[in-house]
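So you can see what is in the structure, the chains are spelled out below.
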Amino acid sequence: MKIKKYGNTERIVYDLALPLANNLGLSIWDVCFEKEGAEWYLRVFIDKPEGICIEDCENLSRPLNDKLDEVDPIKQRYFFEVGSAGLGRSLTKEHHFEQCVGEDVEVTFIRPNTLGKVFIGQLTNFTKDTITIASEDTEAIINLVDVSSVKIHEEYDF
């Protein structure tokens, strides 16, 4: 796994969305512009401390859609969506790791190792190449090249 950076289109959309989101008390978790089958999708994932509701998505979607129409940074046809980053969101970008130091994360490895296939613990540090995860009895410095994904770990009581 590599810590991802925004592509040109994603960076432009992020820069357009950020002030609009800030005015609404929202943060931008991620911007993804990706092809699925024959179609292109522009997805903006938002967050706020108390959680996201449908009105938050609508409140950002409308002005951001207007701004995208005005600036027209994407020449091909695409579907535009604004949604919540979700509870078990993936950490893929540097700012995700910065925001989540101190949070419990679930690390899935490419291949099982001495920590197993999945290791859950608190994210205590990160660099561009490693993350440090602490559990009750283990602290591990993990090379990101050995990792397939890192997600926020959520415990569910059913």
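Everything here concerns the structure above.
Cut-offs and rules
Residues numbered from 1 in each chain as written. Predicted model: local features only at pLDDT ≥ 70, side-chain atom pairs only at ≥ 80, totals over all residues. Heavy atoms only, no water. Pairing = 2+ DSSP bridges. Helix = DSSP H or I, 4+ residues; strand = E, 2+ residues; numbered from the N terminus. Axes fitted to C-alpha atoms, helices over the stretch in contact; angles between N-to-C directions. Contact = heavy atoms within 4.5 Å. Salt bridge = Lys/Arg side-chain N within 4 Å of Asp/Glu carboxyl O. Buried < 20%, exposed > 50% of the residue type's maximum accessible area, 1.4 Å probe, protein only. Phe/Tyr/Trp six-rings, centres within 6.5 Å; stacked < 30°, edge-to-face > 60°. Lys NZ or Arg CZ within 6 Å of the ring centre and 35° of its normal.

### Section: the sheet that holds strand β2 (residues 39-47)
Across the sheet, which stays open at both edges, the 3 strands sit in the order β1-β2-β3 with mixed pairing between neighbours. Strands at the two margins of the open sheet, each flanked by one partner only, are β1 (27-36) and β3 (79-84). Sheet twist, expressed as the mean angle between neighbouring strand axes with direction ignored, is 20°. In this structure, β2 lies alongside β3, joined through 6 bridges in parallel fashion. Bridged to R43 within β3 is E81. Relative to β1, helix α1 (residues 8-23) is tilted by about 145°, and along the sheet it contacts β1 and β2.

### Side note on the pattern of salt bridges
On inspection of all chains with the given rule, the structure shows 12 salt bridges. The partner of E81 in a salt bridge is R43, with the nearest N and O atoms 2.7 Å apart. Taken as a pair, E81 in strand β3 and R43 in strand β2 lie far apart in primary sequence, 38 residues in all. For R43, a relative accessible area of 14% gives the class buried. Residue E50 pairs with K48 through a salt bridge whose shortest N-O separation is 3.8 Å. Relative accessible area serves as the criterion here: at 17%, K48 is assigned to the buried category. Taken together, the shared-partner salt bridges connect E34, E36, R43 and E81 into one network.

### Some remarks on the pairing of β1
Pairing geometry for β1 and β2, over 9 bridges, is antiparallel. When the sheet's bridge partners are listed, V31 is paired in β2 with V44. Two successive antiparallel strands, β1 and β2, enclose a turn made up of 2 residues, where G37 displays a positive phi of approximately 65°.

### A word on the packing of aromatic side chains
The relative placement of two aromatic rings is captured by the distance of their centres and the angle of their planes. Throughout the structure, instances matching the rule amount to 5 aromatic pairs. Taken together, the ring pairs connect F33, W40 and Y78 into an aromatic cluster. The lysine or arginine in question, R89, covers the ring of W29, its NZ or CZ lying 4.8 Å from the ring centre.

### Things to note about unusual backbone geometry
Phi at D72 is positive, roughly 55°, even though this residue is not glycine. With respect to the helices, strands and loops of the structure, D72 is situated in the loop between α2 (54-71) and β3. Overall, the relative accessible area of 39% leaves D72 in the partly exposed class.

### Remarks on the sheet that holds strand β6 (residues 130-134)
Read from one edge of the open sheet, 5 strands run β7-β6-β5-β4-β8, paired in antiparallel fashion. Each end of this open sheet is capped by a strand with a single partner; those strands are β7 (139-143) and β8 (147-152). In this sheet, adjacent strand axes meet at a mean angle of 40° when their direction is disregarded. Examined bridge by bridge, strand β5 (residues 116-126) and β6 share 4 bridges and lie antiparallel to one another. Looking across to β6, one finds that L123 is bridged to I133.

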